[in-house]
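So you can see what is in the structure, the chains are spelled out below.
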Amino acid sequence: MKPGILYGGNYGSFSWKAVELAQAQNSELRGLPPIESLDPPTAIKRFWNREYSHAVIPVFNPTLGGPIPSAKSGFLEAGCPLPPEGTPLNEWVDVFIKLHQDEIFGEPLYLPIEFSIHALPGVKPENITRLVAYSMAVDQCRKGIQRVVGRAFEEVPYSDTGKAAQDLSEFGADPAYKIQEPESALLEPLSHTAILGPAWCDKLFGLQTLWGGVQDLPGGNVTTFIVFRNLSSL
């Protein structure tokens, strides 16, 4: 087993930010390298296979109806128990923690989820017709986009919020980038495309924010993350 903190997503994603939060709150986690995984199910599988010592997993978001769907499927695939069907949503996280109390490290992490629409510098808002985003992100923002922007966009699915932002930045700097990352071809044409991602993507990747606060629940969209620790890492 290697020392490290698995998370389901790419650099710049909400799960990446949750790892930062976990390290800020728990001195024992500082110095452990964050380890990208494709998605929460992959991170869960790798953790339960004891590839790495720790994992930070999103488990609950009321905007998505409670349990995070991708994480829920990951736990089921790994053979991990979940709260029984019919568990009240206001008790779900507490029941989950009791089921996994031996693997859970520290207190739950509560990460506010704020989405913004970003584009390359110089792209005009009125020219945006396409919105590239992870499908679960769009599900949390349709009403908010209508409220803030006043119109809808063509939705283009992408594998991760952080990856979409990074790929847009890299592709804008070097058109040959799509040879290295074929998924980035979905970003074309760059002059008509924006990405839906965390609010910090502008500073992190050198993008411009066209519209901020486009989540459906301004100030009320919070994801609960749990830090897991393999017992054999003690």
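Residues numbered from 1 in each chain as written. Predicted model: local features only at pLDDT ≥ 70, side-chain atom pairs only at ≥ 80, totals over all residues. Heavy atoms only, no water.

Trainee: Explain the layout of surface pockets here, please?
Mentor: Leftover empty space is mapped by rolling, across the atoms, a probe with the size of a water molecule. A volume near 330 Å³ is recorded for the largest pocket. Along the wall of the largest pocket there are 23 residues; nearest its centre are F14, S15, P58, Y134 and M136. Sorting the residues of the lining of the largest pocket by element identifies α1 (14-25), β3 (52-61), α5 (135-139) and β11 (222-229) as the ones contributing at least two each. In terms of residue class, the lining of the largest pocket is made up of 12 nonpolar, 9 polar and 2 charged. (1 Å grid on protein atoms, 1.4 Å probe; cavity = no way out; pocket = protein on both sides within 12 Å on 5 of 7 lines; lining within 4 Å. Points joined across faces, edges and corners; volume = space filled by probe spheres on them. Helix = DSSP H or I, 4+ residues; strand = E, 2+ residues; numbered from the N terminus. Nonpolar A, V, L, I, M, F, W, Y, C, P; charged D, E, K, R; others polar.)

Trainee: Would you take a moment to explain helix α7 (residues 161-173) for this structure?
Mentor: In an α-helix, one full turn covers 3.6 residues, which means residues spaced three or four apart are oriented alike. The terminal C-alpha atoms of α7, which comprises 13 residues, lie 19 Å apart, in line with the 18 Å expected from a rise of 1.5 Å per residue. Those residues of α7 lying buried are T161, G162, K163, A164, A165, D167, L168, S169 and F171. The opening residue of α7 is D160, an N-cap whose side-chain oxygen sits 2.9 Å from the backbone nitrogen of G162. (Expected span 1.5 Å × (residues − 1). Buried < 20%, exposed > 50% of the residue type's maximum accessible area, 1.4 Å probe, protein only. Polar contact = N/O pair within 3.5 Å; in protein donor to acceptor, adjacent residues only side chain to side chain.)

Trainee: Honestly, the side chain of T224 in this entry has me stumped. Any pointers?
Mentor: In this fold, T224 is placed in strand β11. With residues up to four places along the chain from it excluded, the contact list for T224 reads I57, P58, V59, F60, V93, P108, L109 and Y110. (Contact = heavy atoms within 4.5 Å.)

Trainee: For this particular structure, what's the right way to read the environment of N127?
Mentor: Within the secondary structure layout, N127 lies in the loop between β6 (115-119) and β7 (130-133). Judged by relative accessible area, which is 32%, N127 ranks as partly exposed. It is 42 Å that separates the C-alpha atoms of N127 and R46, two residues lying 81 residues apart in sequence. Non-local contacts of N127, meaning those with residues more than four positions away in its chain, are made with S191 and H192.

Trainee: Just checking my understanding: could you explain helix α3 (residues 69-77) for this structure?
Mentor: Of all the residues in α3, the buried ones are S70, A71, G74 and F75. An end-on view of α3 places all buried positions within 135° of arc, on one side of the element. Exposed side chains of α3 directed beyond 90 degrees from the buried face belong to L76 and E77. Where the residues of α3 are buried, they touch α2 (40-48), β3, α4 (89-99), α5 and β11. Phi turns positive one or two residues past the end of α3, at G79, with a value near 75°. (Arc of directions from axis to C-beta.)

Trainee: I tried to follow the pairing of β11 on my own but got confused; where do I start?
Mentor: For a regular strand, the rule is simple: side chains alternate between the two faces of the sheet. Of all 8 residues in β11, 6 are buried; the element is thus mostly enclosed. Pairing analysis gives 6 bridges linking β3 to β11, with the strands arranged antiparallel. What sits directly across from H54, in β11, is R229. Where strand β5 (residues 109-112) meets β11, 4 bridges bridge the pair, whose relative direction is antiparallel. Bridged to Y110 within β11 is T224. (Pairing = 2+ DSSP bridges.)

Trainee: Would you take a moment to explain the sheet that holds β7 for this structure?
Mentor: What holds strands together in a sheet is hydrogen bonding between their backbones, with the strands either parallel or antiparallel. Pairing is mixed in the open sheet, where 5 strands are placed in the order β8-β7-β9-β6-β10. A single partner strand is all that each edge strand has here, and the edge strands are β8 (154-157) and β10 (208-212). Mean inter-strand twist for the sheet, computed between neighbouring axes without regard to direction, equals 35°. Direction of pairing for β6 relative to strand β9 (residues 193-198): antiparallel, over a ladder of 4 bridges. When the bridges of β9 are listed, H118 appears paired with I195. (Axes fitted to C-alpha atoms, helices over the stretch in contact; angles between N-to-C directions.)

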